[in-house]
Amino acid sequence: MLAASSWSDAWFRWIVAASWQLALLTALVAAATWLLRGGTPRLRHALWLLVLVKALLPPSLAAPWGIGAWGVAPAIAELERNGVARIAIAAMTSIDAKSTESAVATEGNAPAINAEDPLSIGDKFLAVWALGVVLLFGVVAMRYWRLRRAIGRMEAVEEGPLRIELERLAMAWGSRLVPALYLSAANSSPFLIGTLRPAIVLPAAMGSWSAEEIRAVLLHELTHWRRRDPWIGWMQAAVQAAFWFHPCVWLANRKIRQEREAACDATVLDGGGVAPQAYGETLLKIVGAARGRSLAEGSLVGVFERGTDLPQRLEAIMNYRNGAASFGWGSWVVLAAAVLLLLPMATTTSADEKAAVADATKPNGKKPVSKPAKSPYPQYKSNPAHGATNVDPSLKEIVIRFDREMGPGMSITGDPALLPPISQAGKPGWRNSRTFVLPVTLAEGAYYRIGINSKSHQNFQDTFETPPLPSVIAFTTKGASKELIAKVATPHVVSTEPKIGAKDVDAALSELKVTLDLPMGEGMSFTGDVPAASGGRPAWSKDRRTIKLPIKLEPGREYRFGLNSPRHVNFQSAAGVPLEPVVFEFSTAAAK
């Protein structure tokens, strides 16, 4: 279940990043094609195809010259710095595996606030998204299958004037493969179907049309075939199914169909020997006969496609000028620049660097000198910070800011007697996806301890379900006594027996001793391959500064284990502050 949820949350981050990138790219392409409205429709069509290409590329695609580096990243940094908005950017991070450490541990931290969402955001959205994909693509596949069956019952034209004209035009158009030709009894617009075995379907009524009208229609469909438009049609269907919820993808597909028809019209008028007036009249005749209906349902290509702007198309045909379909070096330069600049939309900074940018600057206005260390675990900063003294008791809330997007759960743990009372003026919760707020009522001269997660309660998790390592925030308010202030101190190891790093330790040693500088609580965490004697139990001294563990050693062997670890932190001071993890290493003397 953990692996499935982690996968679904990874998908959610991918779909969010891809969605906002597609929205931005659609807006930029719309602006570019508006500026190029007097140019070749082939260039406008190619620019709109970039939206489809972007949908198939990973949203993590980045380049120093791309808009993500010089446009998106500075904009996000400025917005976050000013507190205007927070934009989620997908970053590929590793999913932490479950700990395999063994531990001799007791845990005394009862959960104070332990809220868990049984289904993550990724789980919920993935289920809805998958249903939409299946339904939409299922409808397209069903319509295609029904259309293929209908074509199988149509009259195939294998000889006669229509077939001869099609073969002659195909040869003149440079097509090696001549599509099959069928006549439909339905009042439908002509269309081209198929990617490997193409077929042109014409309404049976076209048999009585003039040679020039038939020529115009056949040239239009052959142009679709030469341009590989059926392949693009299926690419549109696939992207539309994957982003069925995205209005910008629907808009891009509509624009692609419009510019595809305009490009075909210009190509036919450029090299097909058809007069613009005659071509426009043929188009109107087709629309009138078919009543705007196409058996292709807009997923394939034809003379008249759903979603095209007929008045605009007719105006372009009537105002046609020679060379309008050309795609010269200027068009190639514009397209290449759009590819290089617009497709790499991800920022080139790491997730931790982005979190640092969000924190803006130091008090003196300068950027931080060093970058934050990378970690697979969520990191946080709190106000007040752990170890703080002289905190103003009028403080109304404790704010915990994480370095990445977090899930909706929370686990505030610890001794209820040491937790600051929850203020009645508000409820603990998320201010945004990275900031958790705990409303409190503090007293003067008091000591407080707040646990963030624990070994058994880990509902603070990022969107990959990776929890922060269990930790505490301990602080005192103004007026606290020296005894209370001392409680925020972090314990340290003073001495060990055998010494850490010792060589040739006597294998007959039967007891391990660890002495610390502060009185400790009852919990303990010996982690890793601890050489504990069978049946032996660790015990604390009366002053609770020294712990003894019965051990059984073997000669000529190296030992390595730990006191606490990133996941096990039950060595804690009497005030509940964990010992920083210590690696205990030594080796025994060889047998004599």
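Residues numbered from 1 in each chain as written. Predicted model: local features only at pLDDT ≥ 70, side-chain atom pairs only at ≥ 80, totals over all residues. Heavy atoms only, no water.

A. Spatial organisation of the confidence of the model for the chain. Averaged over all residues, the pLDDT of the chain is 80; the fraction at 70 or higher stands at 81%. With pLDDT under 50 throughout, residues 1-5 is counted as low confidence; its partners more than four residues away or in other chains account for six contacts. (pLDDT = per-residue confidence, 0-100. Contact = heavy atoms within 4.5 Å.)

B. Spatial organisation of the pattern of salt bridges. With the rule as written, the count across this model stands at 10 salt bridges. Close ionic contact of Asp229 with Arg227 constitutes a salt bridge, the shortest N to O distance being 3.2 Å. Given a relative accessible area of 21%, Arg227 falls into the partly exposed group. The residue Arg434 makes a salt bridge to Glu405 at a minimum N-O spacing of 2.8 Å. Separated by 29 residues along the polypeptide, Arg434 in the loop between β11 (429-430) and β12 (435-439) and Glu405 in the loop between β9 (397-402) and β10 (410-413) bring together distant segments of the chain. Overall, the relative accessible area of 11% leaves Arg434 in the buried class. Through salt bridges that share partners, Asp529, Glu554 and Arg557 make up one connected network. (Salt bridge = Lys/Arg side-chain N within 4 Å of Asp/Glu carboxyl O. Buried < 20%, exposed > 50% of the residue type's maximum accessible area, 1.4 Å probe, protein only. Helix = DSSP H or I, 4+ residues; strand = E, 2+ residues; numbered from the N terminus.)

C. Layout of unusual backbone geometry. Cis geometry marks the peptide bond from Asn383 to Pro384, where omega comes out at 5°. Residue Pro498 is bonded to the preceding Glu497 through a cis peptide linkage, with omega at 0°. Relative to the assigned elements, Pro498 resides in the loop between β15 (493-497) and β16 (502-505). Phi at Asn390 takes a positive value of approximately 65°, unusual for a residue other than glycine. In this structure, Asn390 sits in the loop between β8 (380-383) and β9. Even without a glycine there, the phi angle at Asp504 is positive, about 55°. When you line up the elements, Asp504 lands in strand β16.

D. Quick peek at the packing of aromatic side chains. All told, the structure shown has 18 aromatic pairs when counted by the stated rule. Ring centres of Phe526 and Phe571 lie 5.2 Å apart, and the angle between their planes is 85°; on these two criteria the pair is classed as edge-to-face. One end of the pair, Phe526, is in strand β18 (residues 525-528); the other, Phe571, is in the loop between β21 (558-563) and β22 (582-588), and 45 residues separate them in sequence. By the burial criterion, Phe526 is buried, and Phe571 matches it. Among the aromatic residues, those joined into a ring-pair cluster are Tyr380, Phe402, Trp430, Phe436 and Phe460. The lysine or arginine in question, Arg37, covers the ring of Trp34, its NZ or CZ lying 4.0 Å from the ring centre. (Phe/Tyr/Trp six-rings, centres within 6.5 Å; stacked < 30°, edge-to-face > 60°. Lys NZ or Arg CZ within 6 Å of the ring centre and 35° of its normal.)

E. How the structure looks around the packing of helix α2 (residues 41-56) against helix α11 (residues 329-342). In the contact formed by α2 and α11, the axes pass within 10 Å of each other and the chain directions differ by 10°. Between α2 and α11, the angle is such that the two are roughly parallel. Judged by residue contacts, Leu43, Ala46, Leu47 and Leu50 of α2 engage Ser331, Val334, Leu335, Ala338 and Val339 from α11. For the contact of α2 with α11, a count of residues per class yields eight nonpolar, one polar and no charged. (Axes fitted to C-alpha atoms, helices over the stretch in contact; angles between N-to-C directions. Parallel < 35°, antiparallel > 145°, perpendicular 65-115°, else oblique. Nonpolar A, V, L, I, M, F, W, Y, C, P; charged D, E, K, R; others polar.)

F. Spatial organisation of the pairing of strand β17 (residues 511-516). Taking every second residue as pointing to the same face, the buried face of β17 carries Leu512, Val514 and Leu516, while none of Glu511, Lys513 and Thr515 on the other face is buried. Bridge count for β15 against β17 is four bridges, and the pairing is antiparallel. Of the residues in β17, the one forming a bridge with Ser495 is Thr515. In this structure, β17 lies alongside strand β20 (residues 546-550), joined through five bridges in antiparallel fashion. The partner of Val514 across the bridge, within β20, is Ile547. (Pairing = 2+ DSSP bridges.)

G. Seen up close, the packing of α2 against helix α7 (residues 229-242). Running from amino to carboxyl end, α2 crosses α7 at an angle of 45°, the nearest separation of the two axes being 10 Å. Taken as axis vectors, α2 and α7 run oblique relative to one another. In the crossing of α2 with α7, the sense of the turn from one axis to the other is left-handed. From α2, His45, Leu49, Leu52, Val53, Ala55 and Leu56 reach across to α7, where they touch Ile232, Met235, Gln236 and Val239. (Left-handed = near helix turned anticlockwise from the far one by under 90°.)

H. Up close: the environment of Phe436. The topology assignment puts Phe436 in strand β12. Distance in space between the C-alpha atoms of Phe436 and Phe402 is 8.2 Å, their sequence separation being 34 residues. With residues up to four places along the chain from it excluded, the contact list for Phe436 reads Ile398, Val399, Ile400, Met410, Ile412, Pro428, Gly429, Trp430 and Phe460.

I. Main features of the sheet that holds β8. Taken in spatial order, the four strands line up as β8-β9-β12-β11 in an open sheet, and their pairing is antiparallel. Looking along the sheet, the strands with just one partner apiece sit at the ends: β8 and β11. Both β8 and β9 contribute to a ladder of four bridges, which runs antiparallel. Note on β9: the bridge partner recorded for Tyr380 is Phe402.

J. Seen up close, the sheet that holds β15. Read across the open sheet, the four strands follow the order β15-β17-β20-β19; overall the sheet is antiparallel. Edge positions in the sheet fall to β15 and β19 (539-540), since each of these pairs with one other strand and no more. Summarising the sheet, β19 and β20 pair through two bridges and their orientation is antiparallel. Opposite Ala539, over in β20, you have Lys548 as the bridge partner.

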